[in-house]
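What follows is each chain in one-letter form.
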Amino acid sequence: METTWSFQQRRGGHRNCSLSPSGNEGRFSEPLALHPVHTRELPKQVIERKCSHQPNPTRRSSPSLGLGWWTGPEGLDNTPDGLTDTEALVGEHGPARSLFQTQTVSLCQNCFGYPLSIFFIVINEFCERFSYYGMRAILILYFQRFLGWNDNLGTAIYHTFVALCYMTPVLGALIADSWLGKFKTIVSLSIVYTIGQVVITVSSINDLTDFNHDGIPDNISVHVALSMVGLALIALGTGGIKPCVSAFGGDQFEEGQEKQRNRFFSIFYLAINAGSLLSTIITPMLRVQVCGIHSKQSCYPLAFGVPAALMAVSLIVFVIGSGMYKNVQPQGNVMAKVASCVGFAIKNRIRHRSKRFPKREHWLDWATEKYDERLISQIKMVTRVMFLYIPLPMFWALFDQQGSRWTLQATTMSGKIGIMEIQPDQMQTVNAILIIILVPIMDAVVYPLIAKCGFSFTSLKRMVVGMLLASMAFVAAAIVQVEIEKTLPVFPKGNEFQIKVLNIGNDSMTISFPGTTVTVNQTSPKSEFMTFNADNLTRINISSTGSPVTVVAHKFEQGHRHTLLVWAPNNYQVVKDGLNQKPEKGQNGIRFVNALAESFNVTVDEQLYENVTSHNASEYHFFSSGVKSFTINSSEILQHCENEFKTSYLEFGSAYTYVITRKDNSCPAPMIFEDIAPNTVSMALQIPQYFLLTCGEVVFSVTGLEFSYSQAPSNMKSVLQAGWLLTVAFGNFIVLIVAGAGPFSEQWAEYVLFAALLLVVCIIFAIMARFYTYVNPAEIDAQFDMDEKKKYLEQSNPHPKLDPVLQTQM
């Protein structure tokens, strides 16, 4: 079907010209003078120009092409004054200008109906999310095990970092919208991002400051400083590109490709979760590897280095596709306009606060003296949604504790689940797996079923349900914590101390305490710790058949455990244990007691116990789960004797003492005594709390984004996107405040507190949502368009068209 445009040529008579689509790709058959844009190829249509001189021209419009002043067959001349017809059609002010701007010379190469450029963007996002979540998965354990920070400091720094990652998107949006554009912003900040990943990788190299090669950094402040610099660069990079990448992907589609664009965002979201899932599985596995130049340690450089490499790959892939991208130049910063309008309204309202000035319907109406009604109306829509955002940070305060408190909780549990054994930081993969499963189930099954039952399950109602589910998740976490604490060993408190007796001699010994007597021999030691009050323990006696009584003269330190080593009635040694709590991070403590006559060295998985003296005990060293090999080196060991042994299977959170004695053939032999039992509560008990929280995330986070977009004007979606991300940042600040208020005596109490706070906030949000009225920004914008068009026509046609009846009478 031919589309004909007829118009009047002001110079040289009249022509009847038609532009008709007649093919897939072409040029104007006749050059249009004055404008170089005329030779551009148009996608999916050939514009043919056919002109003939006509004395009585008419005008026709093509609504589908949006030609604003080609108003129809009435013959009205609406061409702006001072422009030729060619200028009016394709010039800077012409109605076809948008046609040339939005439809490029030729379509980018297509693949299955999609622009090829979006595949580079999806791969870029997958690698970037792998890099970010892989680094974040091991970050809390890096703070504790490498930098030596306690739980509260590590949690505080972790949530400060996450908060910064969700505050810098505002900066990224400002740079992209008003200065560099999306492409240059993504490239520039990705370089910063990659540098940050490299810096934190370098900070985790133990040998960087381990000058004496003892396995401990000699200057930990260097590692801390590098870590903080790296995290700051990562926060700037990941946050800065966050609001740009998805929008840049959407820019690659032409009009009429809405279906492909929607499917792209689904693929984009899948890439995010796929990267998150794989990284949270792989990087903890890399962390437990052993590496190092002079001393072997947990391989944090490898665990951080792989995400750094993936970020570099992400940047390279994105740059490779640069020749295929459709770039939209910056059009000015909408957020700056919003801030300026709001600021003017507030100042103008304060300036006219006197009662002699009439009140206005809305406080933003005080900006009408400077800003047009459309902008003010759009800002009203945005502020109404932003007001609903106020309670939302509490949800994120709970949600982001998966990577901190919940990971720390997993370190006090057993990672043995059936035939599998998982690390504490791998439990976060449950969230990513459940998201991939639950999102399609919610969209395809749950929501349609609720609708079929006749329930009105609006976006805000879904968000309320999501907050309730998150609150329930923390109640479940508190229940699990109570079960964990039931299995914890009893440690001395206040002025108490504990004593355990180990007989490393050949004869039976009797140990007399106030109120109790213990008889021990080498084969069946008294392995349990006994608790005594410092005020009540007056004396300890050691006796054996045919030997005098020996009084133990030792001042026991309150609040600690002690081991009493005895090998003869008058020979003993009191050793203060280094453990007055369960081993952290799910590791296992091992120490060695030397029952031989000479000192020896022991090496366990590259860790050295140096110079364990005769009838004495070493310090505890800590190891991950599994069977470990150890080697005893001493001049006392005969050549024909075996000096390489294996430990029993180490689970999670246990501690053992290995007493090295001599067998009948004079060869060394280890005897194992359990000091602290391994964790018995399975990490599988965390699955219900992860399930509840992930369900809450699906109905809260995904729905919240949909609600924000549906209620935002088309030119202010970036404003609400930045506002949504800021709620995540403020949620992490809430965790900082609660953690900084002081450690709770019981961890389950902190979980209950967070659950109660979210429940209260949920009730407040439900009340706010009850009074919210949904709007359709597209209809409001369309009404403004109609009003502006009507106003423009009235201004350009000062002589209105007469009524046909009146024309006949005249």
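Just above sits the structure.
Here the residue numbering is sequential within each chain, running from 1 through the sequence in written order. Local features in this predicted model are restricted to residues whose pLDDT is 70 or higher, and side-chain atom pairs enter the listing and the counts only when it is 80 or higher, whereas totals over whole chains, interfaces and linings include all residues. Hydrogens and water molecules were not included; the side-chain quantities draw on all heavy atoms of the structure.

Another aspect to go through is the overall build of the chain. Summing up its helical and strand segments, the chain has 21 helices and 27 strands in all. Relative to its 810 residues, the chain shows a buried fraction of 49%. Any two residues having at least one pair of non-hydrogen atoms within 4.5 Å are treated as being in contact. Contacts spanning at least 24 positions in sequence make up 71% of the contacts within the chain whose residues lie at least 6 apart. Surface accessibility in these figures is a Shrake-Rupley result with a 1.4 Å probe; residues are shielded only by whichever protein chains are displayed. By element, 59% of the accessible surface of the chain is carried by carbon and sulfur atoms, the whole surface being about 38200 Å². Put simply, DSSP H or I for four residues or longer makes a helix, DSSP E for two residues or longer makes a strand, and each gets a number counted from the N terminus. Each residue gets one of three labels from its accessible area relative to the maximum for its type: buried under 20%, exposed over 50%, partly exposed in between, using a 1.4 Å probe on protein chains only.

Glancing now at the state of the cysteines. In what follows, a disulfide is any cysteine sulfur pair within 2.5 Å. Scanning the entire structure with this criterion turns up two disulfides. Residue C291 pairs covalently with C299 via a disulfide, S to S 2.0 Å. Handedness here is read from the sign of the S-S torsion; for C291 and C299, about 105°, the answer is right-handed. Residue C641 pairs covalently with C667 via a disulfide, S to S 2.0 Å. The chirality of the disulfide connecting C641 with C667 is left-handed, given an S-S dihedral of about -75°.

Centres within 6.5 Å are what make two rings of Phe, Tyr or Trp a pair, Trp counting through its six-membered ring; a difference in plane orientation under 30 degrees is then read as stacked, over 60 as edge-to-face, and the rest as tilted. Applying the stated criterion to the full structure yields 40 aromatic pairs. Judged by centre distance (4.9 Å) and plane angle (35°), the ring pair of F143 and W149 falls under tilted. The pair formed by F143 and W149 is uniform in burial state, with each residue classed as buried. Considering the side-chain rings of F707 and Y774, the 6.0 Å spacing of their centres and the 90° angle between planes classify their relative orientation as edge-to-face.

Its place among the elements puts N588 in strand 19 (residues 588-594). Among the polar contacts made by the side chain of N588, one reaches the side chain of S654 at a distance of 2.5 Å. Apart from residues no more than four positions distant in its own chain, N588 is found in contact with H621, F622, F623, S624, S625, L650, E651, F652, G653 and S654. Two N or O atoms form a polar contact when they lie within 3.5 Å of each other; inside protein one atom must be a possible hydrogen donor and the other a possible acceptor, and for residues adjacent in sequence the pair counts only when both atoms belong to side chains.

Attention now moves to the sheet that holds strand 13 (residues 516-520). Strand order in the open sheet formed by four strands is 13-12-15-16, with antiparallel pairing between adjacent strands. A strand with exactly one partner marks an edge of an open sheet, and here the two such strands are strand 13 and strand 16 (550-551). As judged from the two bridges shared by strand 15 (residues 541-543) and strand 16, these two strands associate in the antiparallel manner. Each residue of the ladder has a partner; that of N541, found in strand 16, is V551. Note: two strands are recorded as paired if DSSP finds a minimum of 2 bridges between them.

This brings us to a nonpolar patch on the surface. A surface patch of nonpolar side chains, about 310 Å² in accessible area, is lined by V198, V202, I205, L208 and V222. By the secondary structure assignment, V222 is in helix 8 (residues 220-251). Of the residues examined, V222 reaches a relative accessible area of 30% and is grouped as partly exposed. In this scheme, patches are assembled from residues that exceed 30% relative accessible area and form no salt bridge. Like charges are connected within 9 Å, while nonpolar side chains (Val, Leu, Ile, Met, Phe, Trp, Tyr) are connected within 5 Å. A pairing counts as a salt bridge when a side-chain nitrogen of Lys or Arg comes within 4 Å of a carboxyl oxygen of Asp or Glu.

So, on to the side chain of Q428. Mapping Q428 onto the fold places it in the loop between strand 10 (420-421) and helix 15 (429-452). In terms of polar contacts, Q428 uses its side chain to reach the side chain of T407, at 3.4 Å. In this view, Q428 contacts A137, Q402, G403, T407 and Y690; residues no more than four positions away in its chain are not counted.

Taking 1.5 Å of rise per residue, the 15 residues of helix 5 (residues 151-165) would be expected to cover 21 Å, and the 21 Å separating its terminal C-alpha atoms lies within 8% of that figure. Here helix 5 has its buried residues at G154, T155, Y158, H159, F161, V162, A163 and C165. Where helix 5 begins, the capping side chain belongs to N150, and its oxygen is found 2.8 Å from the backbone nitrogen of L153. An expected span of 1.5 Å times one less than the residue number is assigned to each helix.

This next bit is on the packing of helix 16 (residues 459-487) against helix 19 (residues 747-770). Here the axes come from fitting lines to C-alpha atoms, over the contacting stretch only for helices, and the angles between their N-to-C directions go from 0 to 180 degrees. At a minimum axis distance of 8 Å, the contact between helix 16 and helix 19 shows a crossing angle of 170°. By the angle between their axes, helix 16 is roughly antiparallel relative to helix 19. Lys, Arg, Asp and Glu make up the charged group, whereas Ala, Val, Leu, Ile, Met, Phe, Trp, Tyr, Cys and Pro make up the nonpolar group; the residues left over, Gly among them, are polar. Each residue belonging to the contact of helix 16 with helix 19 can be placed in one class, and the counts come to 23 nonpolar, three polar and one charged. An angle below 35 degrees is treated as roughly parallel, one above 145 as roughly antiparallel, one from 65 to 115 as roughly perpendicular, and anything else as oblique.

A few words now on the pairing of strand 11 (residues 496-503). Here strand 11 lies mainly inside the structure; seven of its eight residues are buried. In this structure, strand 11 lies alongside strand 14 (residues 530-533), joined through four bridges in antiparallel fashion. Each residue of the ladder has a partner; that of Q498, found in strand 14, is T531. Relative to strand 17 (residues 561-568), strand 11 is paired through six bridges, and the arrangement is parallel.

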